[in-house]
Amino acid sequence: MDPEKHKGELIMAYRGLAKKLLDSKSIKIGDRIKIKKDDISYEGMLLDRPEDADDKHLVLKLDNGYNIGVEIKDAKIESIEEGSKPSIELPPVDLEKNPELPDISIISTGGTVASIIDYKTGAVHPAFTAEDLLRANPELLDIANIRGKAIFNILSENMRPEYWVEAARAIAKEIEDGAYGVVVAHGTDTMHYTSAALSFILKTPVPVILTGAQRSSDRPSSDAHLNLISSVIAAKSNIAEVMVCMHASIEDKNCYLHRGTKVRKMHTSRRDTFKSINTKPIAEIKNGKIKVLREDYQRRDSAELEIRDKIEPRVALIKTYPGINPEILEYYIDNNYKGIVLEGTGLGHCPDDLIPAIERANEMDIIVAMASQCINGRVNMNVYSTGRRLLGAGVIPVADMLPETAYVKLVWALGQSKDPETVKKMMIENISGEIEDRSLLEYFPG
Amino acid sequence: MDWDEIGLKMGLEIHQQLDSKGKLFCPCNCELTDDKPEYTIMRRLRPTQSELGKIDRAAFEEAKRKLRFYYQAYSSHTCLVEADEEPPHPINSEALEIAVTIALLLNMNVVDEFHTMRKQVIDGSNTGGFQRTGLVATNGYVETGHGRVKIENLCLEEDAARRIEEREDGIVFRLDRLGIPLVEITTDPSIKDPDQLKEVAYQIGQILRSTKVKRGIGTIRQDLNISIRDGARVEVKGVQDLNLIPEIVKREVQRQLKLLELREKLKNRKAKVVDKIYDVGDIFKDTRSKIIKGAESVLAIKLEGFSGFIGMELQPDRRFGTELADYAKKMGVAGIFHTDELPAYGISEEEVKRLLEHLDAGENDAAIIIADERDKAESALLEVVSRAKMAMQGVPEETRKALEDGNTSYLRPLPTASRMYVETDIPLFKIGAKMIKRLEDELPELPSEKKERLIKEYGLSEDLSSQLVKKGFADDFEKLTMVDVDNTLVASLLAYTLPELKRDGYKIENLKLEEIEGALQLLKEGKISKDALKDIIAYIADKKVEPIRAAQELDLLLLSEEEVGEIIQQIVEENEDMIKERKMAAIGPLMGEAMKKLRGKADGQLVNRMLREKIQEKV
């Protein structure tokens, strides 16, 4: 694993005064210690402390299970007993392969669905093996033979276009190795970017399902379980597309399978945060069964596995707003960016002031695409004069494509071709279900 | 009973809701609602690995039931936080301040830094599968007549969701109560006398009432920890009436002693619990027992050497069999049959005989039958097996529920310590010396201090003063003394008359302080008599009318001296014969007659004086 990709883990460590004190007494995390003050003394196990907290307190787990912070000022500290190294004792899992069941690969990229917390130290463990998954979700054994693989352990906000490629290659490898379907555990923040990227990079003969959790998997109410079980069921289905599988509502009832290019995180915290936008979900999974909601999906084995993994990461996604300064666009133009997606207002507009910069970008063969910050609906730049002027300046309207999908698509398309005209054509062509010709009444509010 | 000899040890845990603006981790209001729910959310909970790598015993117990939960939610009373759809907001600092104030009144050491923990509770009462809680203070005490009792811990935590009903497809909870801040106060478990236990509960209750806490039914809950030597720690939940505490203790002690006795008896018989579950459906093919007949399957186990002991009484009207049934019921079955009580319930002697034969049971062996869906019956019998095995060890550690008669019933195994892990969504809260100093300066008057002050300032008797404080009327009393009538009269009105009226069924809780004040004002202005006060207040409480109207409608306004004179004159004239005959001795019966007519409308002394004068005139 690339150490670069571990950024963003919750870092636990004493520092400053507290560290000095502990070092001077050779006290380690997990040791049983006594802290004496004038009027009180506490005894318990020394726990680690979040690095962003101050260096004036020690964290103690008392025998009653509670943690408290004890200020080290005027306190006497003594070690009572050295702690054993905290370890998670887990019973072994029977991993015997069931020949009746298909092999499903679960690839972990980090994030909530895959985190195991060491409650003793409070540290987030990158542990993610098939065993861990099965231990937490023994029901999986009845559905499939599970293979687990951790490729990164990052928070999804730290995803980068290069990682999309890496993930796509790892998925392709699993498929080559005979996986009947692949599930990708992913942080929810940028799951829809990754799902869009995989949709463009991969041509897949089997289902590729991204899933995650809005409530961390260490809590009993986590949505991870239903999402994961449903994803494995989806991975066995006949729908050979890249999809996102998450709670359909805030109840633990059913999940939707959203097309990877037309899905978006729409709520900061709810379980049903992912919505199909300008379309409807492909299928619903309920009570362990899959119910297909539309017929226009890619069938299993109808495509050969193909990986088209050249990308161009120098692409920007810019939201326009009243008062936006054209300098912002100039910056990207001057800094050798190859593409810009504008998230314009309404039908696909931005202030007139930006037009000269857009014209300059166009002259330099920088692709400028227009999506709408309305999220719902289709851009149409023929209705108002600003739209028409923007078209004249070379802006590519990307129909009913999500701004995030348009960004990902441009990153990918610029990798696929160096010819601006070809890229422009690709941007307005439906390649992986990202553009639909018809906007149906039922799509909004979704 | 000699409590020392049996090694009785008790502890107390009090939960008290705080009266803060907003819940502990969101700004929803802390009122309950009986409105029709706007939303119902179905959820499932799963146990997770806990902090020390072990899976919690109690958590697993609940998990086995695989129950679904339905949460009733309202836009008016709940938000996404209660629904576990939004992370908790930072802790409500007002609630934390109230908790620290209580800790200071209990002579406790407040922690330097408050850490919010997750206490795993997967019975559905918390949408997250855990209750958020944190330790505020340790190491305090209260003084009692039996000596000092140590207060070990004070925690600030969120209240659980309200259990509304248990349906076939899951338990229904209402989210209105979830998140209301409460303090949990735990005493040292070394209390040795049931009366002291009751007194500590009372004392802490009094201290709580002097701070900003909620009042009324369900806002305070008492749990007891009880153990005897060789017995086990048992937690009794939900004690509503403090007066019941000594009885609950007595009966729990009795239960543990009986269980120890049972252990000896089982040992002597070389009793054994057989793990095998028998399908005995065939035996009951033609049974007349309706319960068995209607069931999908009939399963049985054999308890070797248990015959005669399953019917053994552990508490008045609760047998060992009741304990076994409690365990079985946790798996969703309606109950069990055991051979100590059979033949009965439509099960014939012949069937019992064939059952015992089928199990190859000897004369000392007993059998337990459960008739239900196969899965349920099987898991229920496994529970019975495990409880029967515990009987051979003695007293199991359990959480039990207080019943109204002082008995207890099994709820779940005692939770193990590994239920607690840190809540990472809430920042640490540094309490600090400055905050403590400020709260120390604003400490409310303690009940004992208040009692002494009322005696000194208002000349009340010890008894009246302590009644006022105990019943929570002290503040009302002080406000009412502004009216400037006799202090003792006001005090006894609050301390005795109101509770009396309440007992008689008047809606005293509807009474506003201004209304009592108005009635006292009438007394002060001489418009009503002292005797009329009680009736007028009762009338106001029921009819919700102004005090003066109450007096009018009851015909209790005082009459003028002239009017009184006329009535007395009339009585004297009507009874001239008696006066002639009995002379001044007629005053007795005539006074009675006069008061019948004038009660509440004239002062008794005045009536007496005028009557005496009129009789004298005649004589």
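Calculation rules
Residues numbered from 1 in each chain as written. Chains lettered and ligands numbered in written order. Predicted model: local features only at pLDDT ≥ 70, side-chain atom pairs only at ≥ 80, totals over all residues. Helix = DSSP H or I, 4+ residues; strand = E, 2+ residues; numbered from the N terminus. Buried ≥ 20, exposed ≤ 12 C-beta atoms within 10 Å, placed from the backbone. Contact = placed C-beta atoms within 7 Å. Rg over C-alpha atoms; globule rule 2.2 N^0.38 Å. Axes fitted to C-alpha atoms, helices over the stretch in contact; angles between N-to-C directions. Parallel < 35°, antiparallel > 145°, perpendicular 65-115°, else oblique. Left-handed = near helix turned anticlockwise from the far one by under 90°. Nonpolar A, V, L, I, M, F, W, Y, C, P; charged D, E, K, R; others polar. Domains from an automatic or database assignment. Pairing = 2+ DSSP bridges. pLDDT = per-residue confidence, 0-100.

1. Focus: the overall build of chain A
Within chain A, the secondary structure is distributed over ten helices and 23 strands. Along the three orthogonal principal directions, the C-alpha set of chain A runs to about 80 × 60 × 35 Å. Counting only residues that meet the buried cut, chain A has 50% of its 446 residues in that class. Partitioning the intrachain contacts of chain A with sequence separation of at least 6 by distance along the chain shows that 72% fall at a separation of at least 24.

2. Structural notes on the overall build of chain B
Helix and strand counts for chain B come out as 20 helices and 24 strands. For chain B, whose C-alpha radius of gyration is 32 Å, the value lies well above the compact-globule estimate of 25 Å for 619 residues. Expressed as lengths along the three principal axes of its C-alpha atoms, the size of chain B is roughly 105 × 70 × 55 Å. Pairs at least 24 apart in sequence give 73% of the contacts found in chain B among residues at least 6 apart.

3. Re the packing of helix 6 (residues 320-329) of chain B against helix 8 (residues 374-393) of chain B
All names here are of chain B. Remark: helix 6 packs on helix 8, axes separated minimally by 8 Å, with the N-to-C direction vectors making an angle of 140°. The orientation of helix 6 with respect to helix 8, classified from their angle, is oblique. In the crossing of helix 6 with helix 8, the sense of the turn from one axis to the other is right-handed. Residues Glu323, Leu324, Tyr327 and Ala328 of helix 6 pack against Ala380, Glu383, Val384, Arg387 and Ala388 of helix 8. Within the contact of helix 6 with helix 8, the residues separate by chemical class into six nonpolar, no polar and three charged.

4. A look at the domain arrangement of chain B
Segmentation of chain B into domains returns domain 1 (9-233), domain 2 (272-383), domain 3 (447-553) and domain 4 (563-618). Its C-alpha centre places domain 3 of chain B at a distance of 32 Å from the equivalent point of domain 4 of chain B.

5. A closer look at the sheet that holds strand 9 (residues 145-150) of chain A
The strands making up a sheet are joined through hydrogen bonds of the backbone, oriented either antiparallel or parallel. All names here are of chain A. Overall, mixed pairing links the eight strands, which are arranged 9-6-10-12-13-14-17-18 in an open sheet. A single partner strand is all that each edge strand has here, and the edge strands are strand 9 and strand 18 (289-292). Neighbour to neighbour, the strand axes of the sheet diverge by 25° on average, direction disregarded. Alignment of strand 17 (residues 283-286) against strand 18, held across four bridges, turns out to be antiparallel. What sits directly across from Ala283, in strand 18, is Val292. Packing of helix 4 (residues 191-201) onto the sheet brings it into contact with strand 12 (208-211) and strand 13 (242-247), and relative to strand 13 it is tilted by some 155°. Sheet strands touched by helix 5 (residues 224-235): strand 6 (103-108), strand 10 (181-185), strand 12, strand 13, strand 14 (254-259), strand 17 and strand 18. Its angle to strand 13, the strand with the most contacts, is close to 145°.

6. A few points about the confidence of the model for chain A
On average, residues of chain A score 90 in pLDDT, and 90% of them are at 70 or above. Throughout residues 1-10 of chain A the model reports pLDDT below 50, and contacts reaching past four residues in sequence, or to other chains, amount to 16 contacts.

7. Things to note about the environment of Gly600 of chain B
Locating Gly600 of chain B in the fold gives a position in the loop between helix 19 (587-598) and helix 20 (604-618). As a C-alpha pair, Gly600 of chain B and Phe429 of chain B span 171 residues in sequence and 61 Å in three-dimensional space.

8. Observations concerning helix 4 of chain A
Counting buried positions over the eleven residues of helix 4 of chain A gives eleven, a clear majority of the element. Listing the buried residues of helix 4 of chain A in full gives Met191, His192, Tyr193, Thr194, Ser195, Ala196, Ala197, Leu198, Ser199, Phe200 and Ile201 of chain A.

9. Notes on the pairing of strand 5 (residues 76-81) of chain A
Successive side chains on a regular strand alternate, one facing one side of the sheet and the next facing the other. Residues and elements named next belong to chain A. With zero of six residues buried, strand 5 lies mostly on the surface of the structure. Bridging between strand 1 (residues 32-36) and strand 5 involves five bridges; their strand directions are antiparallel. Pairing of Lys36 across the sheet is with Lys76, part of strand 5.

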